[in-house]
Amino acid sequence: MTTMTVSTPVSNSLTAGKLPKNTPLMVLAASWIVVGAIFAVVFMSGATESYNWVGTLFFGTVLYCVVLYLFSYFVEGVRRAKDRLVTALVTIAFVVALIPLVSLVGTTLINGLPAFLTPTFFTESQRNVVGAGGGALHAIVGTLFVTGLATLISVPIGLLTAIYLTEYGRGRLARGITFFVDVMTGIPSIVAGLFAYALFSLLFNDPGIRFGFGGSVALSVLMIPVVVRSSEEMLKLVPNELREAAYALGVPKWLTIVKVVLPTSLAGIVTGIMISISRVIGETAPLLIIAGFTASMNYDMFSERMMTLPVFVYNQYASQGADSQAYIDRAWAGALTLIVIVMLLNLVARLVARTFSPKLGR
Amino acid sequence: MTTAVDRIAIKAKERPGDRIFSTATVVAGSLILAVLAAVAIFLFVQSVPAFMAAPDDFKGDFSNFWSYVAPLAFGTIWSAFLALLMAVPVAIAVALFISHFAPRKLAQGLGYLIDLLAAVPSVVFGLWGIGVLAPLVQPFYASLVEWFGWFPLFAGPVSGTGRTIFTVAIVLAVMVLPIITAICREIFLQTPVLYEEASLALGATRWEMITMAVLPFGRAGIISAAMLGLGRALGETMAVAMVLSPSPQILFQLFTSQNPTTIAANIALNFPEAHGVGVNILLATGLVLFVITLIVNMIARVIINRRKAFSGAN
């Protein structure tokens, strides 16, 4: 038996009717060059005083979408063309979403670094400072105190609630808590501040009340639901086999939770807590209302106004003195400090999650 | 003859540790409900004087509380609506890019970049909005008003600073974008791989696969993400307070220097100097904001919970 093979002229059926792989890149480069050339002519004719970079990128990208669609339409048909167009649009959306981030971090760095690098920024407060000079030590200390205490309040409550929801909760109460925790994540931060103010001004019968502890309470209202949600997700990831194995060995339920479930999900819980800290450490509105602002150091959480970093930034910007540039510089430096803290928290949280968490799912 | 033996339920021994621990968790859980109730109760108690305030207690020319809060509530909803209009399409596109278009190895890092945007504090957005964004967009506003001024939303006169409600909406859109993106991304990644592979195997292009498998599967998630973004945009304070130059009226124009402000921004701007009934009035507007966001969030959650059952998104 021999098989007959009819030899036909070789045409690669895998690539027939398709654009070459690097077409999108070539088209993109070509359309940028074409539009760039047009704008260069406009620039050299003197119609605009500077070369229009924004216009070049914008119209070049639009041209790219159109040309790529047409190319693909005539070579590959309408379905492929649509697919290519969507790919281009989605990628553009991503780049557009990154522009604010880059611009924001860039401007904060440029505007914030001069004051950020002055030696007094981390060693002095604003007490008796008019114009340039002084620092943000009072605000940094205040932020650490207020956020630290908020964490101390939120973590036990949030973690216990998460344990209740995953390990004990059945029926109406559990469903109610889940629902309202979700709803609570949407409470506006300023409402939390107003709540703390309403509560403490009634309790102490002092309509002008401002103190650091109130800020911690307000931040806790915002932080607890975040801690609950993230810890709950992490506790749910613990395989049931581990719990059943512990029960089978006769370990009481609470010890199973403390010794088996919690250690297994510890990395995830720590990550969640750090992310929730980074979420509330930048909150301005509630602290503006209940912690107030001051130019002096205050180490007492329970009396007198307490400055915090976000409020410092706002206050430096909002009430500029005679030498306004010094105030704006300090505002940006405060913003830079905040961003550095928040990004560090996020980064460390991700590292913790990546190094210690069990590999589950995708 | 096994009936009697099988029916005996084995009761676990109750240890004191178990009792204490389970009670502690129940107390913590109930405490959350209590806090939510306390927020409503204390705000309400403190706002009672505002409902009966005399006309001269209000900053500006208002006869009673409701005429004072109406323009603020309008500004709140209008700015949040504009922000969502911009943020939702971009967020869905970005989420799709990360979940389905980006190279697998890069995807996680790119998602992290977007998450960083969520971590930026709102005061910093405020500074950025005034210092960078407003001067940047002002020329565009000027030409839009010049060419399309006949369109009611674009009517002039154009703001000279760029600190208009539309700029605020852009800042808000940037702020809610990462929240919506994060949820959409999670939902899109949950699409059963079999659906995706099946539609690709039938010859669908990637975009057809997304419209047929990923988007229908994630619809409830997208709606909930948008609602949560709306909740955040409604309550955002500092960025609005810093960027907007306010005037308490109901106005739809996007680019003029007369802009309705939001409840939250109004509180932040006026609270430090408020005294007497003025404080109660601001607390009452806070209560209105609380009720609005509570309703939005509850609707969002009900939609998610109801759709969850048959979309498989759990």
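Because the structure is predicted, anything quoted here is derived from the model rather than measured.

Our focus in this paragraph is the UniProt feature "transmembrane region" (unreviewed entry) in chain B. Residue and element names in this part refer to chain B. In the numbering used here, UniProt assigns the feature "transmembrane region" (unreviewed entry) to residues 20–45, 65–98, 110–134, 165–189, 209–230 and 281–304. The annotated region residues 165–189 carries 100% helix and 0% strand content, and the separation between its end C-alpha atoms amounts to 35 Å. As annotated, residues 209–230 comprises 100% helix and 0% strand, and the C-alpha atoms at either end are separated by 29 Å.

Attention shifts here to the interface of chain B and chain A. Facing the 67 residues of chain B at the interface are 72 residues of chain A. With 18 residues, helix α2 (residues 16–51) of chain B is the largest single contributor of residues to the side of chain B that touches chain A. In terms of residue class, the side of chain B that touches chain A is built from 48 nonpolar, 14 polar and five charged.

Residues and elements named next belong to chain A. Residues annotated in UniProt with the feature "transmembrane region" (unreviewed entry) correspond here to residues 25–47, 53–75, 87–117, 137–165, 177–203, 209–228, 280–299 and 331–353. Between the C-alpha atoms that bound residues 53–75 the distance is 32 Å, and the span itself is 100% helix and 0% strand. Annotated as residues 280–299, this span is 40% helix and 0% strand, and its ends, taken at the C-alpha atoms, are 20 Å apart.

The terminal C-alpha atoms of helix α4 (residues 104–119) of chain B, which comprises 16 residues, lie 24 Å apart, in line with the 22 Å expected from a rise of 1.5 Å per residue. Among the residues making up α4(B), those that are buried are G111(B), I114(B), L117(B) and A119(B). Against the buried residues of α4(B) lie α3 (78–116), α10 (266–281) and α13 (324–356) of chain A together with α3 (65–101) and α6 (165–189) of chain B.

A word on the UniProt feature "domain: ABC transmembrane type-1" (unreviewed entry) in chain B. As recorded in UniProt, the sites labelled "domain: ABC transmembrane type-1" (unreviewed entry) are residues 73–300 of chain B. As annotated, residues 73–300 of chain B has a helix share of 76% and a strand share of 0%, and its two end C-alpha atoms lie 20 Å apart.

Thresholds applied
- Residues numbered from 1 in each chain as written.
- Chains lettered and ligands numbered in written order.
- Predicted model: local features only at pLDDT ≥ 70, side-chain atom pairs only at ≥ 80, totals over all residues.
- UniProt positions renumbered as here; feature names shortened; annotations may be inferred.
- Helix = DSSP H or I, 4+ residues; strand = E, 2+ residues; numbered from the N terminus.
- Contact = placed C-beta atoms within 7 Å.
- Nonpolar A, V, L, I, M, F, W, Y, C, P; charged D, E, K, R; others polar.
- Expected span 1.5 Å × (residues − 1).
- Buried ≥ 20, exposed ≤ 12 C-beta atoms within 10 Å, placed from the backbone.

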